[in-house]
Structure formats: C-alpha cells, structure tokens
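Descriptive analysis of the structure
Chain by chain, the residues:
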Amino acid sequence: MSKVNIVETTLRDGQQSLWATRMTTAMMYPILPVMDRVGFDAIECLGTAAMDSCVRYLRENPWERLRILRERIRHTPLQMISICIGFSVGKALLPDDVLELFFRRCAMNGVNRFFLMDGLNDIRNFEVPIRAAHKEGAKVLGGIVYSISPAHTDEHFVQKTRELVAFGADILVLKDPNGILTPERARVLVPAMKAVAGGRPFYTHSHCLTGLGPATNLEAVKYGAEGIWTTTRTLANGFSLPATDSMVRHLKHAGYSVDLDQDAIKQIEDHFAGVAKRHNKPVGKPAEYDPSFYEHQMPGGMLSNFQAQMAQLGLAHRLEEVFEEIPAVREDLGWSLMVTPFSQVIGTQAALNVLYGRYAVTLDEVDRLVLGYYGKPPAPVSAELLDTVSRRTRKQAITQRPGLTVEPALDRFRRENGPFASDEEMLLQYLFMPEHIQALRAAGPMQLEDTTIGARSVVDLVR
C-alpha cells in the first residue's frame, strides 16, 4: 500500500486564496504545535505575497513571523513558495546578488523547503534560487506550471521536467494554480513527467476553482503522484485547495497509506473555524463548475479583486469583453502563463486593450516581457508587437537569462542606505517603500494574542 504525502498550506495558500493573505500571526499562533504533530510532509507557511501582506497591511515583520513559526513548529519541515526571479509585480526582477541573499536568509531563518515556480516556465530562472537553497541545506520543489494553450503540449511539460532535473530540483511538481488541470490530463501528464524525473519524488498541486481539484488529485495519485497539497476545511474549496480531512478520507478509501493524526486535524479545523467566526472571515465552499475558467484561466485569488476593480471603474458591464481579450493577449505574449506575476499584467493589458484599442497603451511590464526581460515565453511573441515595442522603447530583445542583465546592487545599497542591523533589515528596506517600513516600525512589537473581534468584512478583504 503506497504512501501519499500531504503538504499543509492553510497558513499560505489557504489564507491567500480566501482571506486575501490577511491572516495575522496571532490567528495562527495557538494552533502551531498541533499542526506540528499531525505528521504532514511539510507545512507551507510563507510566500512572497504573504511577506508583502505582513508589511503593507498587517504591520508585522515577516522575518519575526518566520522565526516564531520555527520556534513553534519543531519537527515538520517549513515550506515557502516563491517566483524564481523576483518578489512581486513591482519587484518582479531582482539582481542576482539580492535574490541569492533573500533565499539564503529565508533558509537561515527556518525555511527547510522552497517551492519554486517561474511565470514563463523558463527553467533558466531557477539557477540562482536553487543554488542559494542548496547552499543552506534546503530542498527545492521545482514547480512546472500547468496551462492550456497550443504551446503547452505534453512534450513541453516533459521537457521542462528534464530541465529541472538537470538543474538539481529535489522534488518535481505539476502546479495547477488556476484549477484547470483535469483528471484526464493528469492521467497522461503525471506518468509522462514522472518517467523523466530521474527517480525524484513527483507531486501535484491543484486548486478547486472549477470544482475538480479533489478528483484531479485522486487521479494524479493513482497514476504516480506521491504528494498533494491540502488545507483545513474552513479555508478549503472555492478558490482554494481541497480540504485535508476529505482528501485523507478519500485516499484511505482508495487503499493508500496516509499516516496523519486525525484528532489533531480536527483540532486545526475547530481552531480556524473559530478564527473565521470571530473575525467575520469568509469560509470556503465547493465551487460550481464554470467552463469559462478554461478560457481566461485567471487565478481565483486575482479574479475577485479584478472584478471589484472593474466595478469601481464603472466597467463591470465590460468584464466579459476583457475575459475574451485575455487569450488574445496571452497569444501575443508567447502564451505566457496566467500565474504570478504575469496574470495581473495580462489581465490589466486586456482591460487596456478593451478600453483604448489593442496595444494603444501598454504596461511597462508588457514591454519588458515582450523584450525577454522576464525570460523566454513558451512560444514566440507577436512579431508585430515586438516591432512596436522595440521602436517605442528603442530597445532590442534579449536572449540571455534576465538576471544577467541587472547589475549587482547589494554593495551600493548598503553603502548608500546603511548601516543596517542585519541582512534581514536591509532586505526589507530594499523591497519596500520607506513609508511601509516606517509604519511597520511604528506598529511596535508583534501581537501574539488574537484579541480582535469582528474584523474586516468581505468587502474590505476584496478591496
């Protein structure tokens, strides 16, 4: 009877998908020792979006949060997710020296495993983070992002698996952030990718946006996947991941070994149900099947915000036009993926095209993507768009790894902005605007007692 590993992601993907990454450290603090004793393969507890939210909205030091998690979770590996070349949309491409220091300090502060992905599936971009993680003894889960397009063939995914193996990824992952991987596709792709994984473990990660997440996970396990992601029931389903308790039950019924503490899983469910009730947080519900997701492929966490933003602009009535424009923009951009940071870029460019005419106005990020400054897309970009961008920006497309085009920055930043008490403090200063750092310091010590009752409404979360 084969064993299936469960990666718990309530503290990261669960709260990011349903609570807009607004879970405070106090909300998670009491239950951390219980999560530690369940027997999870890893607890995914942090990502660049969560670090960003800590500073901008929660006024919590993300480094302090990470150290607290490590103190309370002593036995289970802590896992972090990140894009390979940067931090967020505004810092989507970092200098290699900054990027390496960032990953190394994350590892030194308690991260045992890094779940890495690239928004173009350009495996060259994994070079620096894999090197940094391995220097500190951390493992790397190399994510190959699933998408639907003429460029995303079986051979595409198989070739990317081979490339990640060559780069030294310790675990291979077929990542489905958009919830569009079907059981039928998993039946084909999992064994094909696993066959070239060089004996390394192979996991699948699938959201529930179309309602197929649990079924897709079960089919992936049937055809060779050795691990999946789940979250506690309160933060499961909908835009999020499958619920831990039901996935464990289904897997055991199918004859697989899942050695987890069921009593502890129930305690975790009760804890976060209480948190949701006290803070008026939304609770996950199974999603209805919606075939439109297979066309626009917009991630669920972005979808709710995007709909709200269009409404605020008085453009809710044109939302369907934008959804129809997204595939055309993706094709022009070489079938770039609808995943962070490019889903936001593609969605916004589609809206600009609808409002002002196709590419009459373009985002700076679109120009950089077209010119290769984020990597090589799965297919060639539109020759017409490339010519337009090259003439307007007076720049030529590049072919080398994007990080090689950015000058080292650490020494100069230290000299011009230091001294700093630590590398962690310096990285915060580098990644965030001064007003955010000032507000973070003014907030004082992090609170570890959850005393707020009736926090923000759903409308506030969307905003």
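The text that follows walks through the structure, step by step, so that each part is easy to find. (Residues numbered from 1 in each chain as written. Predicted model: local features only at pLDDT ≥ 70, side-chain atom pairs only at ≥ 80, totals over all residues. Heavy atoms only, no water.)

What to know about the environment of valine 145
In plain terms, the rule: Put simply, DSSP H or I for four residues or longer makes a helix, DSSP E for two residues or longer makes a strand, and each gets a number counted from the N terminus. Here a residue-residue contact requires only that any non-hydrogen atoms of the pair lie within 4.5 Å.
Here valine 145 is to be found in strand 5 (residues 139–145). Distance in space between the C-alpha atoms of valine 145 and arginine 368 is 21 Å, their sequence separation being 223 residues. Contact partners of valine 145, with chain neighbours within four places excluded, come to Met117, Asp118, Asn121, Phe157, Lys175, Pro177, Leu337 and Val339.

Some points on the pattern of salt bridges
Formally: Within this document, salt bridges are pairs made up of a side-chain nitrogen of Lys or Arg and a carboxyl oxygen of Asp or Glu, the two lying within 4 Å of each other. Accessible area is worked out with a 1.4 Å probe on protein chains only. A residue is then buried under 20% of its type maximum, exposed over 50%, and partly exposed in between.
For the coordinates displayed, the defined rule picks out 27 salt bridges. For aspartate 41, the salt bridge identified is with arginine 113, shortest N-O distance 2.9 Å. Taken together, the residues aspartate 41 in the loop between helix 3 (32–37) and strand 2 (42–47) and arginine 113 in strand 4 (residues 113–117) connect sequence positions 72 residues apart. With respect to class, aspartate 41 is no different from arginine 113; both count as buried. Measuring nitrogen to oxygen at the nearest pair gives 3.3 Å for the salt bridge that ties arginine 162 to glutamate 155. Here arginine 162 falls in the partly exposed class, since its relative accessible area comes to 38%. Linked by salt bridges that have partners in common, Asp96, Glu100, Glu127, Arg131, Lys135 and Arg401 make up one network.

As for helix 11 (residues 244–253)
Where helix 11 is concerned, the buried positions are Thr244, Asp245, Ser246, Met247, Val248 and Leu251. Considering only its buried residues, helix 11 is in contact with strand 1 (5–8), helix 10 (213–222), strand 8 (227–230) and helix 12 (262–279). Immediately downstream of helix 11, the backbone of glycine 255 shows phi near 100°, a positive value.

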